[in-house]
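# Examining the three-dimensional arrangement
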Amino acid sequence: MGRRGQLVPWKSAGRITERQTSGDEVVKTTGWVFNNETGSTLTLEQFVATGDSEVPAYLTVFGLRDADTEQQSMIEIGCGIGRMTCAFTREYGSVVASDLDAGFLERCYETVGQFGKIDRLRTLHVADGRSLDLPPNSVDVAFSYITFQHCDPDDALELTSEAVRVTKPGGRIVLNYRSRSSIDVIVLPLGGLVRGLFRVPGLGGWLASRRFFARLGWQANRLSPDQIIGPLAPLLRDVEVWRNPKSKVTGYQASIKEFDGINKNHYWIVATPR
Ligand SMILES: C[S@@+](CC[C@H](N)C(=O)[O-])C[C@H]1O[C@@H](n2cnc3c(N)ncnc32)[C@H](O)[C@@H]1O
């Protein structure tokens, strides 16, 4: 695999993760990678608690919690070290936690062992950053949070199409993206520049492990709902675009839904594969 710039910060954080002796240390050194709201003094337990409150809220708002949820299977694309995965293993009978970085997957497994239901978990390495090594129609729900915005646009589109492929007809895809905002005029070109610098031997790894530069460098795309839904429209029904009430993002032939718990720069595509 080529050393694609948008992959570098995750692999750098993954290497730092591998060097830590405990989950608490991982959260202190790389917690910012996963959830900007966590501080440098938080423990793994507190970190997981943020996922414990978000997961039920999103599942409830998106209409995914019903009597047989515990009999269902799901894939989380971009699980990181398991911040939300623990809660998913309490909701779903089987969970595939997938991520680009194998070091994160190991930590995810440990995190779920401590705070979730480990017998319901398997991990899946997204080695090429764009394909899911699962058979078609193998899960009821495909979920992804704060991951596709960090992918090269082609990878984000390919992973979306993979989410549709692996989800059973009648299941649900629940995928989070970032919408365009005025600051992107500056942020996107700077992000491209930083991603270029990530490739410089010696400098790249150093930059990618610094919060400021990593956060700039992983601003890799701003896909619109139409760019995402368009190619997949024949494969989907009941397409919803969920946004913050302050957001104007919209999608052709999609129902617009609002929830004030959604970041105003994010949106979700929730849809059913045919
Ligand atoms: C901001 S973190 C979010 C993690 C988790 N969803 C959470 O909310 O805690 C983004 C995650 O996506 C993973 N990631 C980035 N690009 C990816 C790709 N192309 N395929 C799979 N995972 C990817 C990163 O390694 C990282 O763990």
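### Some points on the nonpolar core
If you look at the biggest cluster of nonpolar residues, it comprises 42 residues, and the most contacted ones within it are Phe62, Ile81, Phe88, Tyr92, Phe143, Val174 and Trp268. Secondary-structure elements contributing two or more residues to this core are helix 1 (8–19), helix 2 (23–34), helix 3 (44–61), helix 4 (85–91), strand 2 (94–99), helix 5 (102–115), strand 4 (139–144) and strand 8 (266–273). Tallying contributions element by element places helix 3 first for this core, with six residues. In this structure phenylalanine 143 touches Met74, Ile75, Glu76, Ile77, Met84, Phe88, Val174, Leu175 and Trp268, once residues within four positions along its chain are discounted. Counting residues in each nonpolar core, the second largest holds 31 residues, with Leu124, Ala156, Ala163 and Tyr177 among its members.

### Remarks on the site of the ligand
What surrounds the ligand is a group of 19 residues, the closest being Gly78, Arg83, Asp99, Gly129 and Tyr145. Within the backbone of glycine 78, one N or O atom sits 2.8 Å away from a nitrogen atom of the ligand. Its free accessible area being 590 Å², the ligand has 99% of it covered by the protein chains. A majority-of-atoms criterion places the ligand in the largest pocket. Tallied by class, the residues present in the shell around the ligand amount to twelve nonpolar, five polar and two charged.

Rules and cut-offs
- Residues numbered from 1 in each chain as written.
- Predicted model: local features only at pLDDT ≥ 70, side-chain atom pairs only at ≥ 80, totals over all residues.
- Heavy atoms only, no water.
- Core = buried A, V, L, I, M, F, W, Y, C linked by side-chain atoms within 4.5 Å.
- Buried < 20%, exposed > 50% of the residue type's maximum accessible area, 1.4 Å probe, protein only.
- Helix = DSSP H or I, 4+ residues; strand = E, 2+ residues; numbered from the N terminus.
- Contact = heavy atoms within 4.5 Å.
- Near = heavy atom within 4 Å.
- Polar contact = N/O pair within 3.5 Å; in protein donor to acceptor, adjacent residues only side chain to side chain.
- Areas by Shrake-Rupley, 256 points an atom, 1.4 Å probe, with all protein chains shown as cover.
- 1 Å grid on protein atoms, 1.4 Å probe; cavity = no way out; pocket = protein on both sides within 12 Å on 5 of 7 lines; lining within 4 Å.
- Sits in = over half its atoms within 2 Å of the grid points.
- Nonpolar A, V, L, I, M, F, W, Y, C, P; charged D, E, K, R; others polar.

By themselves, these observations are geometric and do not establish any function.
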